[in-house]
Amino acid sequence: MKTNPAVQENKPIGAASKPSLGRQLRKQLTIQIFVWLGMAFLLVFSFTPMFGVIMAFKDYKISTGIAGIFTSEWVGLKYFHELVNDYRFPMLVRNTLAISLLKLVFAFPVPILLAIMITEVKQAVIKRLVQTFSYLPHFISWVVVVGIAYAFFSTEIGIINHALITLGIIHEPLTVLTDPDSFWGLAVGTAVWKEAGWWTIIFLAAIAGIDPGLYEAAQLDGAGRLRRIWHVTLPGMRGPIVVVLILSIGSMLGGGLVGSNFEQSMLLGNTINNDKSQIIQTYAFNVGLAQGRFAFATAIDLVQSIIAVFLILTSNFIAKRVSGTGLY
Amino acid sequence: MARKTREDYTVDTINYILLALVALITLYPFYYVLIASFNLGQDTARGGLYLLPRAFTLNNYIYFFNDKHWVNAFFITVARTVVGTLLGVIFTCLVAYGLSKPYLLFRRFYFLLIVIAMNISGGLIAFYVVLRGLGLLNTFAVYVVPTMLSLFFLLIAVSFFREIPEEIGESARMDGAGEMTIFFRMILPISLPLLATMGLFLGSNQWNAWLDSAYFVQGQGLRTLAYRMIEVINQTMINTDAIGAAYAGSMQVTSFSAQATAMVISVFPIICVYPFIQKYFVQGMMLGSVKG
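Just so we're clear, the structure is a prediction, and the values are computed from it rather than from any experiment. Per chain, the residues get numbers from 1 upward, laid out in the order the sequence is written. Chains and ligands are labelled by the order in which they are written, letters from A for the one and numbers from 1 for the other. Local features in this predicted model are restricted to residues whose pLDDT is 70 or higher, and side-chain atom pairs enter the listing and the counts only when it is 80 or higher, whereas totals over whole chains, interfaces and linings include all residues. Each side-chain value is worked out from all heavy atoms of the structure, with water and hydrogens disregarded.

Tell me what's going on with the overall build of chain A, and back it up with residues and numbers.
Every helix listed is a DSSP run of H or I at least four residues long, and every strand listed is a run of E at least two residues long, numbered separately from the N terminus. In terms of helices and strands, chain A carries 18 helices and 0 strands. Since a compact globule built from 328 residues should have a radius of gyration of about 20 Å, the 26 Å found for chain A marks it as more spread out than a globular shape. Classification of residues uses two cut-offs on accessible area relative to the type maximum, computed with a 1.4 Å probe and protein chains only: under 20% is buried, over 50% is exposed, and between them is partly exposed. The proportion of buried residues among the 328 residues of chain A is 50%. Whether two residues are in contact is decided by their heavy atoms: any pair within 4.5 Å suffices. Put simply, of all contacts in chain A between residues at least 6 apart along the chain, 61% involve residues at least 24 apart. Taken as a whole, chain A presents about 15600 Å² of accessible surface, with 66% of it coming from carbon and sulfur. Two things to know: the radius of gyration comes from C-alpha atoms, and the globule rule equals 2.2 Å times the number of residues to the power 0.38. The method behind every accessible area is Shrake-Rupley, applied with a 1.4 Å probe, and residues are considered shielded solely by the protein chains displayed.

The following block contains the structure:
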């Protein structure tokens, strides 16, 4: 501790000679206590669960509490073998990757397009109105979104089904909420509905930062509206597009930009569409909490975390290559 | 300004049509739920309700506020939002205030811990085991204690407090005031924009949270609005027989009309608060995006 560089660097201005560490510490004791409270919180709610992952290699029983994590017997890779041999495992990996990739492909361009569309509106009032309502769904809970999905798509009272039947377009109600084959589309669609408007904030700010002179110059050169969007607006958004894309790849398993893989799988998933709706994270959660197999569930969580860390590091590496600066 | 070309007119027209469509898709669901909550449940179940309540009624709301489970869930949700937001804002700011001092010893070590905690998680199951070990399961505290420190806002608050000149606390310190007094009496009152942003985000997280109420508590006493809504949705999503059947017979309330009412009640406060804080959260979002 006596060669802590931070101490020398942050020597109080005007101090003639460096007081001893103990003296300094006593002088800033209250401030230190504030920070210690925060660190104690992290120790309990972040670092203990982090060390808790060793459960995945142990014969852990929930009745032994937190201490049991450290005292129970080692069983090596038993649970990982069990997971790989679980007949659901390929299905879980397929669903997790498919939903994540679909969101990356379909959800990523929407906020960019929406931001361009909003910018092209010249009347300030309409512009502000569109912005205001497009952020709103971000603040609504997933439970309400699922309730809305139910009100619209349910076979019994869903108004879309009712309207289509009344119009004679279909004769049998569409089973969007229960049909396994429509789950991925439902997941991507509801996630875009909820979060796309929110992410326009970043892109709108980027567009606002573009030099208006560029537009005038392009116009003088005879570029119409669409060509100005293509040659001025889009290149002007390059920076945030790259950053957001990298962030979404890094957080892909959670759903990327629009997130919410876990919430959707938990809330929109049901016993009928299980085959397409269950993902690694929800399987771990159910196995752990419903069946009480905590060690096995932790092993599943750990597999997901390792893939996630790998994705973060890869995307950060790409970021360094592309823009010269990483995110961390 | 140059004269509008044909292209301008075409682009504008298509753009307005598309935006009107976006507006419809975004806003109509809210509107539909609203009219469904003011329509007789059994009438809604017949279908064909699109634009205006067909059989206007306040029954759904009367039912909601007379059902002790819904009312209890409502007050639990209000309580967790108020307590959880206050605790989260004050605790996060307190820690951030300490971390913002340039002369703080071991700063780098503390920030290292924070960065690790932000990027690596032990997963939900390990988290659950810790909650259980601490005896937090089935208590009100499980809603508000694990959310006391928001790491995202911790970093934002640290950079906010760094901008506050050190002299502000200096004279009070001369007069013998402790750091605690300085923090509560001088620092917090001049940090309103920060507190408003944090309040909105932490508050809406609390108000919307459902996982903790569904899995970390048992019995009816501590359930929140979100949990009760999930319960009703799950009952009716698969078991379609439950829909037509009256939920509370004489009032013609169905499970869907009760659910629509709960949804309106759950969205209403957000819509009320939202316009006032919009300018803050746009700033907050930009700050957050810079930090990654």
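Requested: an account of the pattern of salt bridges, with residues and values cited.
What makes a salt bridge here is a side-chain nitrogen of Lys or Arg within 4 Å of a carboxyl oxygen of Asp or Glu, nothing more. Per the counting criterion, the structure on display carries 17 salt bridges over all chains. Lys-194 of chain A serves as the salt-bridge partner of Glu-195 of chain A, at 3.1 Å between the closest nitrogen and oxygen. Residues Arg-225 of chain A and Asp-12 of chain B are paired through a salt bridge, measuring 2.7 Å at the closest nitrogen-oxygen approach. With one member in each of two chains, Arg-225 of chain A in helix H13 (residues 225-236) and Asp-12 of chain B in helix H1 (residues 6-37) form a pair that bridges those chains. Since its relative accessible area comes to 7%, Arg-225 of chain A is described here as buried.

Tell me what's going on with the environment of Ile-156 of chain B, and back it up with residues and numbers.
Within the secondary structure layout, Ile-156 of chain B lies in helix H8 (residues 151-162). Taking the C-alpha atoms as reference points, Ile-156 of chain B and Val-217 of chain B, separated by 61 residues in sequence, lie 32 Å from one another.

Explain the interface of chain A and chain B to me, and be specific about the residues and the numbers.
If you look at the interface, chain A gives 102 residues, while chain B gives 98 residues. Once two parts are brought into contact, the accessible area they lose, counted with a 1.4 Å probe and summed over both, makes up the buried area. Of the roughly 9000 Å² buried where chain A meets chain B, counting both sides, 78% is carbon and sulfur surface. In terms of residue count, helix H3 (residues 29-52) of chain A provides more of the side of chain A that touches chain B than any other element does, 19 residues in total. All amino acids are sorted into three groups, where Ala, Val, Leu, Ile, Met, Phe, Trp, Tyr, Cys and Pro are nonpolar, Asp, Glu, Lys and Arg are charged, and the leftover types, Gly among them, are polar. Residues belonging to the side of chain A that touches chain B are distributed by class as follows: 66 nonpolar, 27 polar and 9 charged.

Go over the confidence of the model for chain A with me, naming the residues and quoting the values.
Known as pLDDT, the predictor's confidence for each residue is given on a scale from 0 to 100. When pLDDT is averaged along chain A, the result is 86; 93% of the residues meet or exceed 70. Across residues 1-11 of chain A the pLDDT falls below 50, and counting only partners more than four positions away or on other chains, this stretch makes 15 contacts in the model.

Can you tell me about the environment of Val-287 of chain A, naming the residues and giving the values?
Residues and elements named next belong to chain A. For Val-287, the location among the structural elements is in helix H17 (residues 280-291). For the pair Val-287 and Thr-298, spaced 11 residues apart in sequence, the C-alpha to C-alpha distance is 9.6 Å. When sequence neighbours within four positions are dropped, the list of residues in contact with Val-287 reads Gly-292, Arg-293, Phe-296 and Ala-297.

Give me the packing of helix H3 (residues 59-66) of chain B against helix H4 (residues 68-100) of chain B: which residues, what numbers.
Residue and element names in this part refer to chain B. Axes, fitted as lines to C-alpha atoms, cover a helix only where it is in contact. Angles between the N-to-C directions of the axes lie from 0 to 180 degrees. Here H3 crosses H4 at 75°, and the two axes come no closer than 5 Å. Comparing their axes, H4 and H3 come out roughly perpendicular. Residues Tyr-63, Phe-64, Phe-65 and Asn-66 of H3 pack against Lys-68, Trp-70, Val-71 and Phe-74 of H4. In terms of residue class, the contact of H3 with H4 is made up of 6 nonpolar, 1 polar and 1 charged. For classification purposes, angles smaller than 35 degrees are called roughly parallel, those larger than 145 roughly antiparallel, those between 65 and 115 roughly perpendicular, and all remaining angles oblique.

Can you tell me about the packing of aromatic side chains, naming the residues and giving the values?
Pairing of aromatic rings covers Phe, Tyr and Trp, the last counted by its six-membered ring, and requires centre-to-centre distances within 6.5 Å; plane angles under 30 degrees mean stacked, over 60 mean edge-to-face, and any other angle means tilted. Under the counting rule described, the total for this entry stands at 37 aromatic pairs over all chains. With 4.7 Å between their ring centres and 85° between their planes, Phe-285 of chain A and Tyr-215 of chain B make a pair best called edge-to-face. With Phe-285 of chain A in helix H17 and Tyr-215 of chain B in helix H12 (residues 211-215), the pair connects residues from two separate chains. Judged by relative accessible area, Phe-285 of chain A falls into the buried class, the value being 1%. Ring pairs connect the aromatic residues Phe-41, Phe-45 and Phe-294 of chain A together with Phe-91, Phe-127, Tyr-128 and Phe-216 of chain B, which therefore count as one cluster. Placement of a positive charge over a ring is assigned whenever Lys NZ or Arg CZ falls within 6 Å of the ring centre and within 35 degrees of the normal to the ring plane. Looking at Lys-276 of chain A, its charged tip hangs above the ring of Trp-184 of chain A, at a distance of 5.1 Å from the centre. A cation over a ring is seen here: Arg-223 of chain B above Tyr-227 of chain B, with NZ or CZ 3.9 Å from the ring centre.

Got a sec to walk through unusual backbone geometry? Specific residues and values, please.
The backbone of Ser-260 of chain A sits at a positive phi, close to 65°, despite the residue not being glycine. Take Ser-260 of chain A: it is sitting in the loop between helix H14 (238-250) and helix H15 (261-267). A residue is classified by how much of its surface remains accessible, and Ser-260 of chain A, at 9% relative accessible area, is buried. One non-glycine residue with positive phi stands out, namely Phe-106 of chain B, at about 60°.

Describe the side chain of Ser-141 of chain A, naming the residues involved and giving the relevant values.
Take Ser-141 of chain A: it is sitting in the loop between helix H8 (124-135) and helix H9 (142-153). Setting aside its immediate chain neighbours within four residues, Ser-141 of chain A contacts Lys-194 of chain A together with Asn-208 of chain B.

Which residues make up H8 of chain A, and what values go with them?
Between its terminal C-alpha atoms H8 of chain A stretches 17 Å, which fits the 16 Å expected from 12 residues at 1.5 Å a residue. Among the residues of H8 of chain A, Val-130, Phe-133, Ser-134 and Tyr-135 of chain A are the ones counted as buried. Take the number of residues in a helix, subtract one, and multiply by 1.5 Å to get its expected span.

Quick rundown of the side chain of Ser-72 of chain A? Include the residues and the values.
All names here are of chain A. Take Ser-72: it is sitting in the loop between helix H4 (65-71) and helix H5 (78-85). The buried category is assigned to Ser-72, whose relative accessible area is 13%. The contact partners of Ser-72, leaving out residues within four places of it in the chain, are Lys-58, Asp-59 and Tyr-60.

With reference to specific residues and values, describe a nonpolar patch on the surface.
All names here are of chain B. On the surface, Val-82, Val-83, Leu-86, Leu-87, Ile-90, Met-180 and Phe-184 cluster together to form a nonpolar patch covering roughly 550 Å² of accessible area. Those elements that place two or more of their residues in the nonpolar patch are H4 and helix H10 (179-187). For the nonpolar patch, the element with the highest residue contribution is H4, accounting for 5 residues. The patch calculation keeps residues exceeding 30% relative accessible area without a salt bridge and links them within 9 Å when they carry like charges or within 5 Å when they are nonpolar (Val, Leu, Ile, Met, Phe, Trp, Tyr).

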